[in-house]
Amino acid sequence: LLVVIFSDPMTDVLDEMGDRFGCSAFYTAFLLAPVASNASELITSYSYAKKKTTRSISISLQALQGAACMNNTFCLAIFMALIYFKGLVWTFTAETIGILASQLVVALYSFKETQRVFDAYVVFLTYPA
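Residues numbered from 1 in each chain as written. Predicted model: local features only at pLDDT ≥ 70, side-chain atom pairs only at ≥ 80, totals over all residues. Heavy atoms only, no water.

**Student:** Got a minute to help me understand the packing of helix 3 (residues 39–49) against helix 4 (residues 54–86) in this structure?
**Tutor:** It is the contact of helix 3 with helix 4, at a shortest axis distance of 8 Å, that shows an interaxial angle of 165 degrees. On the basis of the axis angle, helix 3 is roughly antiparallel to helix 4. Crossing angle aside, the handedness with which helix 3 passes helix 4 is left-handed. Mapping the contact onto sequence places Glu 41, Leu 42, Ser 45, Tyr 46, Tyr 48 and Ala 49 in helix 3 and Ser 56, Ile 57, Ile 59, Ser 60, Ala 63, Leu 64 and Ala 67 in helix 4. Residue composition of the contact of helix 3 with helix 4, grouped by class: 9 nonpolar, 3 polar and 1 charged. (Axes fitted to C-alpha atoms, helices over the stretch in contact; angles between N-to-C directions. Helix = DSSP H or I, 4+ residues; strand = E, 2+ residues; numbered from the N terminus. Parallel < 35°, antiparallel > 145°, perpendicular 65-115°, else oblique. Left-handed = near helix turned anticlockwise from the far one by under 90°. Contact = heavy atoms within 4.5 Å. Nonpolar A, V, L, I, M, F, W, Y, C, P; charged D, E, K, R; others polar.)

Set out below in structure tokens:
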């Protein structure tokens, strides 16, 4: 119910931010919408990581990686369902391979018991520029 109430105003805000920054609203939404929709996970992971132990930081990073993989998988499934059920022309091979490759890298790093700063950089580099 909350998603239905806030989705239209959020879309308007992201569109306006894109106009003010002088870039496409798509790129603004691509960067800010996931942060807004996962704010609770970000805050929880941040507070957990503030303990500054190897274990708490590793758990925090693994939780964020898991959330990112779940969101990407869910969005990719919706995207593929739209293409299939609406009979749209498939022109997204490169984008799909990019999403799947980044998910694979993040998933492989999530299996590590201890996360290091280098691991965070590698995961960060899978985010599109």
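**Student:** Looking at this structure, how should I read a nonpolar patch on the surface?
**Tutor:** The grouping of Phe 26, Tyr 27, Phe 30, Leu 31, Leu 32 and Tyr 127 at the surface amounts to a nonpolar patch, some 610 Å² of accessible area in total. Judged by relative accessible area, Tyr 27 falls into the exposed class, the value being 52%. (Patch = residues over 30% accessible without salt bridge, like charges linked within 9 Å, V, L, I, M, F, W, Y side chains within 5 Å. Areas by Shrake-Rupley, 256 points an atom, 1.4 Å probe, with all protein chains shown as cover. Salt bridge = Lys/Arg side-chain N within 4 Å of Asp/Glu carboxyl O. Buried < 20%, exposed > 50% of the residue type's maximum accessible area, 1.4 Å probe, protein only.)

**Student:** Can you walk me through the pattern of salt bridges in this structure?
**Tutor:** Between side chains of opposite charge, a pair can form when the charged atoms approach closely. Applying the stated criterion across every chain yields a total of 2 salt bridges. Residue Arg 20 is joined to Glu 16 by a salt bridge in which the shortest nitrogen-to-oxygen separation is 3.0 Å. Pair noted here: Arg 20 and Glu 16 are both in helix 1 (residues 2–21), with a separation of 4 residues, about one helical turn. Using a relative accessible area of 69% as the deciding quantity, one classes Arg 20 as exposed. The partly exposed category is assigned to Glu 16, whose relative accessible area is 37%. In this structure, the salt-bridge partner of Lys 112 is Asp 119, at a minimum N-O distance of 3.0 Å. The partly exposed category is assigned to Lys 112, whose relative accessible area is 33%.

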